[in-house]
Amino acid sequence: MSGVVHIERISDAITRLELDNPPMNPLGPEMRATFMAALDEVERNDALRCLIVTGRGRAFCSGDDLKQAAGKGEDLAGFGRLLDRVEGSRVPVIAAVNGWCVGGGFELALCCDIRLASTEARFVCAGVNVGLMASTYRLPRLIGESRAKSMLLTGLPHDAETAERYGLVTGLHAPEGLQDAAVALAERIATRAPLSVEATKRTAHRALDLSPEESGRIWGDELRILRRSNDHKAALEAFRERRDPVFTRS
């Protein structure tokens, strides 16, 4: 039986995608196609404000299915397209890392905007363990070169406490509380001005690659659009009237 991606609509604004491909939730070609189709489906919802990605069972994701890949370069390219798709989602993506997060699964977590982890989660940069390479771009940018190299060059598992200390995850939760914590965070994001959230995600993602001058130009362009938005006007009116704003993504 091939794996599935469960789509759970938490609310109009929040959807959870759960990888279910026992025992380690690998993302071989068929599973990647299923994941991409799930993204297509949920992103057609204009009301979507935040996406949660997690795994079922004892793993978040173990990356590509090496048995299926068997040295096929197109499989690696296909995996990269999935990672870019997750990273480029218009809405913030929260990784709720429930267990083993290995190789390409580790890279999938890095592509998400925010990572929360179960205290039982384990993180492995497995490229050097299987004669491949992954996470050499995203991980140093996230936690610094020295710590990244200690993970990348050894291929050793790192526990959730170490991941939090390194800044890889922003919160640890008991296994039974992880999903509730992810939903609570998503709910907070979903109540913020949608166009502002999307613009903030875009500009923050590019920040480390830009000069101050380039960043200033992009920031200015985005801000000029936001200042004319109905959501900004709604926020100003709500502030004057001492109430919560109602945003319409317009």
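All figures in this text were calculated on a predicted structure; none of them were measured in a lab.

> Explain the nonpolar core to me, and be specific about the residues and the numbers.
Judged by nonpolar contacts, the single largest core of 43 residues is most densely connected at Phe35, Phe123, Leu139 and Leu168. Beyond its immediate sequence surroundings of up to four residues, leucine 139 is in contact with Phe106, Leu110, Cys125, Gly144, Ala148, Met151, Leu152 and Leu168. Formed by 15 residues, the second largest nonpolar core is a distinct cluster that contains Ile14, Ile94, Leu178 and Val197.

> Could you give me a rundown of the pairing of strand 1 (residues 4-9), with the residues and numbers involved?
Pairing of strand 1 with strand 2 (residues 14-20) involves six bridges; the strand directions are antiparallel. By the bridge assignment, valine 5 is partnered in strand 2 with leucine 19. Counting the residues in the hairpin turn of strand 1 and strand 2 gives four residues.

> Let's hear about the sheet that holds strand 5 (residues 93-97): which residues, and what values?
Spatially, six strands are ordered 1-2-3-5-7-10 in an open sheet, and the strand pairing comes out mixed. At either margin of the open sheet sits one strand with a lone partner, and together these are strand 1 and strand 10 (171-173). The sheet shows a mean angle of 20° between the axes of neighbouring strands, taken without regard to direction. The pairing of strand 2 with strand 3 (residues 50-55) spans six bridges and is classified as parallel.

> Provide a residue-level description of helix 10 (residues 212-227), including the pertinent values.
Since the α-helix turns once every 3.6 residues, residues separated by three or four places project in the same direction. Compared with the 22 Å implied by 1.5 Å per residue over 16 residues, the 22 Å span of helix 10 between its first and last C-alpha is a close match. Three or more residues of helix 10 are buried, namely Gly220, Glu222 and Leu226. For helix 10, the secondary structure elements touched by its buried residues are helix 9 (194-206) and helix 11 (230-241).

Criteria and thresholds
- Position labels on residues start from 1 in each chain and follow its written sequence.
- At least 70 in pLDDT is required for a residue's local features to be given in this predicted model, at least 80 for side-chain atom pairs to be given and counted, and no such filter applies to totals for whole chains, interfaces and linings, which use all residues.
- Hydrogens and water molecules were not included; the side-chain quantities draw on all heavy atoms of the structure.
- Nonpolar cores were defined as sets of buried Ala, Val, Leu, Ile, Met, Phe, Trp, Tyr and Cys residues, with membership established by side-chain atoms within 4.5 Å.
- Per-residue accessibility, obtained with a 1.4 Å probe over protein chains only, is compared with the maximum for each type, and a residue is labelled buried under 20%, exposed over 50%, and partly exposed between these values.
- Contacts were defined at the residue level, with two residues in contact if any of their heavy atoms lie within 4.5 Å.
- Two strands are counted as paired when DSSP detects at least two bridges linking them.
- Secondary structure is summarised from DSSP: a helix means a run of H or I of at least four residues, a strand means a run of E of at least two, and numbering begins at the N terminus for each.
- Helix axes are fitted only over the stretch in contact, all axes being lines through C-alpha atoms; the angle between N-to-C directions runs from 0 to 180 degrees.
- Here, expected helix span is obtained from the residue count minus one, scaled by 1.5 Å.

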